[in-house]
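Fold and contact review
Each chain, written out:
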Amino acid sequence: MERVFAEYLIETPYEVEQAAAVLAGEQSSGTFVSVPGETEELKKRFAARVEDIQLLDVADEPSIPGGSIPGKKYQKAKVKVSWSIENFGYNLPVLISTLQGNLYEITQFTGLKLMDFEVPDSFANHFSGPKFGIKGSKLSCGVTDRPMIGTIIKPSIGMSVDETAALVKNLIEAGIDFIKDDELMGSAANSPFEERVKAIMKVIRDNEQKTGKKVMYAFNISDEIDEMQRKYDLIKKEEGSCAMISINSVGLSGTKKICDQGELVIHGHRNGWGMLNRHPMLGIEFPAYQKIQRLAGVDQLHVNGIQNKFWESDDSVVTSIKSCLKPFLGGKEILPVVSSGQWGGQAVETYRRTQTTDLLYMAGGGILAHPMGPKAGVNALQQAWTGAVDGLSVAETALKYPEFAESVKKFSK
């Protein structure tokens, strides 16, 4: 029978083999005490198996509160566990409950993080994955051999419908590929969702008629499921191409419900990511997280950015980008969305470390605050990526392109 395999980073004051066995039992057929009906036959068919244990370093203090024991050391280890697919079939919420359920609360662990997981090939027959992904997103905007260049409406909230539409017009005329609502913008008092969609899509359609280019705008439809559906339908009616979902706020089933329709590109915003990942010994690592979102069908997913304004390290960002580009479910990649304090100066290091232009490269202030205006801001980002792919340094790119040179003066630290 096919099996799902998961890898965890754990920390425990107990014997690692004992703690791993508790994890496997708690997340399958066992409980804290033997119960009637838990036969050997049942366990053989449904019990999780500990497949591998690799001991790591030892700590003097527990990483998180829990099973601290005076005088004990805290052993870290990588543990691989597997489950028969019979336990959950192709039920995504039950699969995630199995991989990430009560095990975070088990006394035996003073640290536990889901690092990655693998599913059988048969999952590709039940989960279609991203409908558009990298190729569809770039094709929609007419982008080929460079990243999509995008920005966010700023201020995040407070602008009227007319002010937002005017800013969108300026950005489109500047040559932008992608624009999105901020995650804080839903349907505000001075910017009702329906009015905003209609006003912005008129600007986008008018530009498409003139130039043939259809800019992608990600409208934030995050809401209750019925309201998300209504908003989704409105975007389709207005000939939009993208909807944004705050995936941690909406939840897995809500996200999948929208993704399954497959008529709009789904931009997955991961706001709240820090509570899932920031502690090194608690939560989930991005390689596992992005697979969950790919199973749900998300097309684009935030990965932070090199030299970002948040806490995440460059190594972590690079790992996230590369994990999005790895084949999964038969080869359907999810488009990495690079954002957080980005301007053209980070393009050189981003390309050097990832060797890809299959990105949505987002800059807010890096475009809107350019000294020569938004058009120069968009041009500067495109120039930065041209220089990066050509193997030029930031200084060499600045000598070649005046608009990028002004970005360097404005944004370099």
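Residues numbered from 1 in each chain as written. Predicted model: local features only at pLDDT ≥ 70, side-chain atom pairs only at ≥ 80, totals over all residues. Heavy atoms only, no water.

Things to note about the state of the cysteines
Stated precisely, the cut-off is as follows: In what follows, a disulfide is any cysteine sulfur pair within 2.5 Å.
Evaluation of the coordinates by the stated rule reveals 0 disulfides. Of all cysteine sulfurs in the structure, the one in Cys242 sits closest to Cys259, which takes part in no disulfide; the separation is 11 Å. Summary of cysteine pairing: Cys324 is not part of a disulfide, and the nearest cysteine sulfur, belonging to Cys259, is at 14 Å.

Points about unusual backbone geometry
Filter applied, for reference: Strands are runs of DSSP state E lasting at least 2 residues, helices are runs of H or I lasting at least 4, and numbering of each runs from the N terminus.
The amide bond that connects Lys154 to the next residue, Pro155, takes the cis arrangement and shows omega of 0°. With respect to the helices, strands and loops of the structure, Pro155 is situated in the loop between strand 5 (148-152) and helix 5 (161-173). Of note in this structure, Asn304 is not a glycine but carries a positive phi near 70°. Secondary-structure assignment places Asn304 in strand 11 (residues 300-304).

Focus on the sheet that holds strand 7 (residues 216-220)
What counts here: By definition, two strands form a pair when at least two bridges between them are found by DSSP. Here an axis means a line fitted to C-alpha atoms, over the contact stretch when the element is a helix, while the angle between two N-to-C directions is reported on a 0 to 180 degree scale.
Read around the closed barrel, 8 strands run 5-6-7-8-9-11-12-13, paired in parallel fashion. Adjacent strand axes in the sheet meet at a mean angle of 30° when their direction is disregarded. Relative to strand 8 (residues 242-246), strand 7 runs parallel, the two sharing 3 bridges. Note on strand 8: the bridge partner recorded for Phe219 is Ala243.

As for the UniProt feature "domain: Ribulose bisphosphate carboxylase large subunit C-terminal" (unreviewed entry) in the chain
Rules: UniProt positions are given in the numbering used here, feature names are shortened, and annotations may be inferred rather than shown by experiment.
Here the UniProt feature "domain: Ribulose bisphosphate carboxylase large subunit C-terminal" (unreviewed entry) sits at residues 141-409. Across residues 141-409, the secondary structure splits into 48% helix and 14% strand, with the terminal C-alpha atoms separated by 30 Å.

Some thoughts on the side chain of Thr350
Formally: In what follows, residue pairs with any heavy atoms lying within 4.5 Å of each other are defined as contacts.
Structurally, the position occupied by Thr350 is in helix 13 (residues 347-354). For Thr350, the residues in contact, after removing those within four places along its chain, are Ile306, Gln355, Leu359, Tyr361 and Trp385.

Section: empty space enclosed by the protein
Quick reminder of the rule: A 1.4 Å probe that fits into a set of points on a 1 Å grid over the protein atoms alone but cannot get out defines a cavity; an open set with protein on both sides within 12 Å along at least five of seven lines defines a pocket, and lining residues are those with an atom within 4 Å of a point. Grid points are joined across faces, edges and corners, and a volume is the space filled by probe spheres set on the points. Three classes are used, and their members are as follows: Ala, Val, Leu, Ile, Met, Phe, Trp, Tyr, Cys and Pro are nonpolar, Asp, Glu, Lys and Arg are charged, and the others, Gly among them, are polar.
Overall, the coordinates contain 2 cavities of 30 Å³ or more when judged by the stated rule. Computed from the structure, the largest cavity encloses a volume of approximately 50 Å³. As for the largest cavity, its lining consists of Ile153, Ser156, Thr164, Asp181, Asp182, Met185, Arg196 and Tyr217. In terms of residue class, the lining of the largest cavity is made up of 3 nonpolar, 2 polar and 3 charged. Here the second largest cavity defines a volume of roughly 40 Å³. As for the second largest cavity, its lining consists of Trp273, Asn277, Glu285, Phe286, Pro287, Glu312, Ser316, Thr319 and Ser320. Looking at the lining of the second largest cavity, the elements with two or more residues in it are helix 10 (273-277), helix 11 (286-296) and helix 12 (314-325). By residue number, the principal contributor to the lining of the second largest cavity is helix 12, which donates 3 residues. Here the residues of the lining of the second largest cavity sort into 3 nonpolar, 4 polar and 2 charged.

What about the packing of aromatic side chains?
Two measures describe an aromatic ring pair: the distance that separates the ring centres and the angle between the ring planes. Using the following cut-off: Side-chain rings of Phe, Tyr and Trp (the six-membered ring for Trp) are treated as a pair once their centres are within 6.5 Å; stacked means planes under 30 degrees apart, edge-to-face means over 60, and tilted covers the remaining angles. Here's how the labels work: a residue is buried when its accessible area is under 20% of the maximum for its type, exposed when over 50%, partly exposed in between, all with a 1.4 Å probe on protein chains only. The rule is short: NZ of Lys or CZ of Arg within 6 Å of the ring centre and within 35 degrees of the ring normal puts a charge over the ring.
Throughout the structure, instances matching the rule amount to 11 aromatic pairs. Taking the centre distance of 5.8 Å and the plane angle of 40° together, the rings of Trp343 and Phe411 count as tilted. Here Trp343 is found in the loop between strand 12 (335-338) and helix 13, whereas its partner Phe411 is found in helix 17 (residues 402-411), with 68 residues between them in sequence. As far as the burial class goes, Trp343 and Phe411 line up, both buried. Directly above the aromatic system of Phe193 lies the positively charged group of Lys231, at a separation of 5.1 Å from the ring centroid. Residue placement shows Lys291 over the ring face of Phe117; its charged tip is 5.9 Å from the ring centre.

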